[in-house]
Amino acid sequence: MYYLHLHILSYINHQIPPLLSKLKKNSSIVSLFQKKKIMGRLSFRSVTFMFIVAFFVWSSLNVEVCNARRGKHWRQHGTTSSVSLYKKKGKSHGSNNHHKSGGKPKPKYASPPTSTPISPPSKGYDNVPSTNIFDVTNFGAIGDGKTDDTKAFQAAWAAACKVADSMMIVPSKYIFLVGPISFSGPYCQHNIVFQLDGTIIAPTDAKSWGSGIMQWLEFTKLVGITVKGSGVIDGRGSVWWQDTPYDDPLDDELKLIIPLNKTLLRHPPTPLNSSLSGKMPSIKPTALRFYGSFNVTVTGITIQNSQQCHLKFDNCIGVLVNNFTVSSPGDSPNTDGIHLQNSKDALIRSSNIACGDDCVSIQTGCTNVYVHNINCGPGHGISIGSLGKDNTKACVSNITVKDVIMQNTMNGVRIKTWQGGSGSVQGVFFSNIQMNEVQLPIVIDQFYCDKSKCKNQTAAVALSDINYAGIKGTYTVKPVHLACSDSMPCQDVTMMNIQLKPIQERYHMYDPFCWQTFGELYTPTQPPIECLQVGKPTSNKIQADHDQC
C-alpha cells in the first residue's frame, strides 16, 4: 500500500508541471492563477482527488482478485463501470431478458439489475400472446360429438377475426359436431391461424344441410390464413355416397378398363346407412374450401371421408399444402383429394392422399403449380382437367408434378379436355413418377366425356409443351393413351426414360395408343411408343385470338 502511494505521488509530480505550463500559455486562464496561494490550493485538491480515485480503483481490483480466488462469478451491480457501460450502449444488463411482443414500444428506462434471470412473459401456442388466443371451448363449445357446436365456432371466429396474428384453437381430445359454416372476411385482420388439434365431424341428418350446400367448412377473402395442427376433419360421407344418383358423373377412363370376365362395377357398393341420415341433398359439399384468399397454408391436418371433394382452393394466390393427409375409400364417388381452380403460385408437397377420385385435380385458371413428394392411392391419379366443358375457355400453364408415388390408382398422370372447348394447356412437366400397378399410367384424353354420350365437336383446348421424364413402374391395362384432337393435335410432347412393365391381373391389356400426337422420344422406352409422331403436324388449325390465353 505504501509503495502504491509513492507511485501515485510520483505520477502526480510529473504530470502537474506540464499541465501548468500549458495553462500559462493561455492568458485568459493564467490570470486565474496569479496568486500563489490559489495555485497551491488547486494543487493540493488535485492531489487529494487523484489519490481517492486511485484508492477506489485499487480496492475494486483487489475485490475481483479475491472473488476469483474463492471460485465465485463476479457480477457488476450498480458500479461506476456498469453505469458508464449503460450510458455508452443505452441498454441495461437485464434488457436481453425481455421478449418483443405485440409491436409495443420499448420502455425508455432500464430494468434494475438482478442476479436471477427474468422470466419471459406468459405465452400461448407458438409464442402467441394469450390475448390473441381464442379457444372454442371458451365460447361454449362442448366437444362431446353430439352437441351442435356451430354457434361456438362462429363466436370464436368473430373474436379472432378482429385481432391480427390471432389464433383460433380447436383443442385436442374433443370431438366437435359442426354444421355448415363460413369463416369469412374481407374485414378480418391478417395472419389468422386456425389451430386444429381436435376432431371436427359433420352432421349426418338431412335437416342440417337444407336443400344442399356447396361447402361444409369455408374460409373466404382472407389474407395470411393458416389451418394447421394434428387434428381431423371427418365429413362422415358414407351417408352421402349411398345416395349417389346413377346419373352422377363417372370417370370417362372407365371405358378403357375392361375386366377379363366382361363385368365391370359402374357404381361403388352401397355403404351401411345411418339411422340419422334420411335422404341427403343431391348437392354434396366440399369438406374444406378456400375462396378468394392470399397466402393460404394448410399443414399437418387430416381430412377423411369427405362428402365430395376434400380440399379445394378457388381464386387463391399463394397456396402451400404441406404434410397433409386425405383418407377415404377408393370407391367413394367423386371425392377428389385436392382441387385447384383459378389459383396460382401453389406448392403441394409431402402429403399422403387416398380417395375415390383424383388425388390432385388442376382446373382452369391455374398457373405456377408445383406438386412434389406425394403418395397417391387409391384414387384416379393426378389430373389436369377436365377442361373446356360446355364450350368454355380453359387456360392452364406452368405445371410441375415431380417425385410422386402412385399405388393401385386408375390413372397416373393425366390431361383431360372436352370437345368444343378453347384455350390452352402449356408448359407441363411430369417427372420422376413411380407407378405401382397403375391401370393407365400416362393419359391425354381430348375426347373426355363423363356422361353416357357426348356430342362430337371440332373445337378443342390446345395442348403443347407436355413433357414426361422418368416415368417408371408397372401397369395393369395400358401404359400410354394419347388421344388428341383431329383439328388441334397435341404438339411438343416429349418422352424420356419411360420404363413401364405389364402385370397381368383382371383386365384386358393393350399396347400404347397415340392419336394426333406429335413430339420427340429422347430415349428408348419400354414398351416402345412407336405411335408418337416425330416433329410438327403438317396442317394445324390456327387458334383465333379470342381462343388464346
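Just so you know, these numbers come straight off a predicted model, no measurement behind them. (Residues numbered from 1 in each chain as written. Predicted model: local features only at pLDDT ≥ 70, side-chain atom pairs only at ≥ 80, totals over all residues. Heavy atoms only, no water.)

**Quick word on the overall build of the chain**
Within the chain one finds six helices and 31 strands. By the burial criterion, 43% of the 549 residues in the chain qualify as buried. Taking contacts inside the chain between residues at least 6 apart in sequence as the whole, the part at least 24 apart equals 77%. (Helix = DSSP H or I, 4+ residues; strand = E, 2+ residues; numbered from the N terminus. Buried < 20%, exposed > 50% of the residue type's maximum accessible area, 1.4 Å probe, protein only. Contact = heavy atoms within 4.5 Å.)

**A few points about the layout of surface pockets**
Estimates place the volume of the second largest pocket at around 770 Å³. As for the second largest pocket, its lining consists of 27 residues, of which P249, Q308, N334, D336 and H339 are closest to the centre. Of the residues contributing to the lining of the second largest pocket, the split by class is six nonpolar, eleven polar and ten charged. (1 Å grid on protein atoms, 1.4 Å probe; cavity = no way out; pocket = protein on both sides within 12 Å on 5 of 7 lines; lining within 4 Å. Points joined across faces, edges and corners; volume = space filled by probe spheres on them. Nonpolar A, V, L, I, M, F, W, Y, C, P; charged D, E, K, R; others polar.)

**Quick look at unusual backbone geometry**
Glycine aside, residues mostly have negative phi, and peptide bonds are mostly found in the trans state. Cis rather than trans, the peptide bond between G377 and P378 has omega equal to -5°. Here Q526 and P527 are connected by a cis peptide whose omega angle stands at -5°. Summarising the element assignment, P527 is placed in the loop between β30 (517–521) and β31 (533–534). Positioned with a positive phi, Q516 is a non-glycine residue whose angle comes to about 55°. Assignment of secondary structure puts Q516 in the loop between β29 (513–515) and β30.

**Here we look at the nonpolar core**
Where a protein is soluble and globular, its nonpolar side chains tend to be buried together. One finds F153, F290, F313 and Y468 to be the most contacted residues of the largest nonpolar core, which totals 98 residues. Sequence-distant contacts of F153, that is, excluding residues within four places in its chain, are made with V136, M168, V170, F176, V178, I181, F183, F194 and I200. (Core = buried A, V, L, I, M, F, W, Y, C linked by side-chain atoms within 4.5 Å.)

**Observations regarding the sheet that holds β29**
Strand order in this open sheet of eleven strands is β5-β8-β11-β14-β17-β19-β21-β23-β25-β27-β29, and the pairing throughout is parallel. Each having just a single partner strand, β5 (181–184) and β29 make up the two edges of the open sheet. The average undirected angle you get between the axes of adjacent strands in this sheet is 15°. Here strand β21 (residues 382–387) pairs with strand β23 (residues 411–417) via four bridges, running parallel. Opposite S383, over in β23, you have R414 as the bridge partner. Each of β5 and β8 (215–220) touches helix α5 (residues 150–160); the most contacted strand, β5, lies at about 5° to it. (Pairing = 2+ DSSP bridges. Axes fitted to C-alpha atoms, helices over the stretch in contact; angles between N-to-C directions.)

**A few points about the side chain of H339**
Summarising the element assignment, H339 is placed in strand β17 (residues 338–341). Overall, the relative accessible area of 12% leaves H339 in the buried class. Once you skip the residues sitting within four places of it in the chain, H339 turns out to touch C309, L311, K312, F313, S361 and Q363.

**Some words on the UniProt feature "active site" (unreviewed entry) in the chain**
Mapped onto the present numbering, the UniProt feature "active site" (unreviewed entry) falls on H380. Along the chain, H380 falls in the loop between β20 (367–376) and β21. Residue class for H380 comes out buried when judged on its relative accessible area of 11%. If near-sequence neighbours (up to four positions away) are discounted, H380 is found in contact with D251, G356, D357, D358, M410, N411 and R414. For H380, the side chain forms a polar contact with the side chain of D251, separated by 2.7 Å. (UniProt positions renumbered as here; feature names shortened; annotations may be inferred. Polar contact = N/O pair within 3.5 Å; in protein donor to acceptor, adjacent residues only side chain to side chain.)

**Focus on the side chain of T302**
By the element assignment, T302 lies in strand β13 (residues 302–304). For T302, a relative accessible area of 17% translates into the label buried. Discounting chain neighbours no more than four positions away, the residues touching T302 are G231, V232, I233 and T325.

**Here we look at the state of the cysteines**
Disulfides are covalent bonds that connect the sulfur atoms of two cysteines. According to the stated counting rule, one finds six disulfides in the structure shown. Disulfide pairing places C161 opposite C188 at an S-S distance of 2.0 Å. Across the S-S bond linking C161 and C188, the dihedral sits near -105°, which makes this disulfide left-handed. Highlighted residues: C161 in the loop between α5 and β3 (167–170) and C188 in the loop between β5 and β6 (193–196), separated in sequence by 27 residues. C161 sits in the buried class, given a relative accessible area of 13%. Here C484 connects covalently by a disulfide to C490, the sulfurs 2.0 Å from one another. Given an S-S torsion of about -100°, the disulfide between C484 and C490 has left-handed geometry. (Disulfide = S-S within 2.5 Å.)

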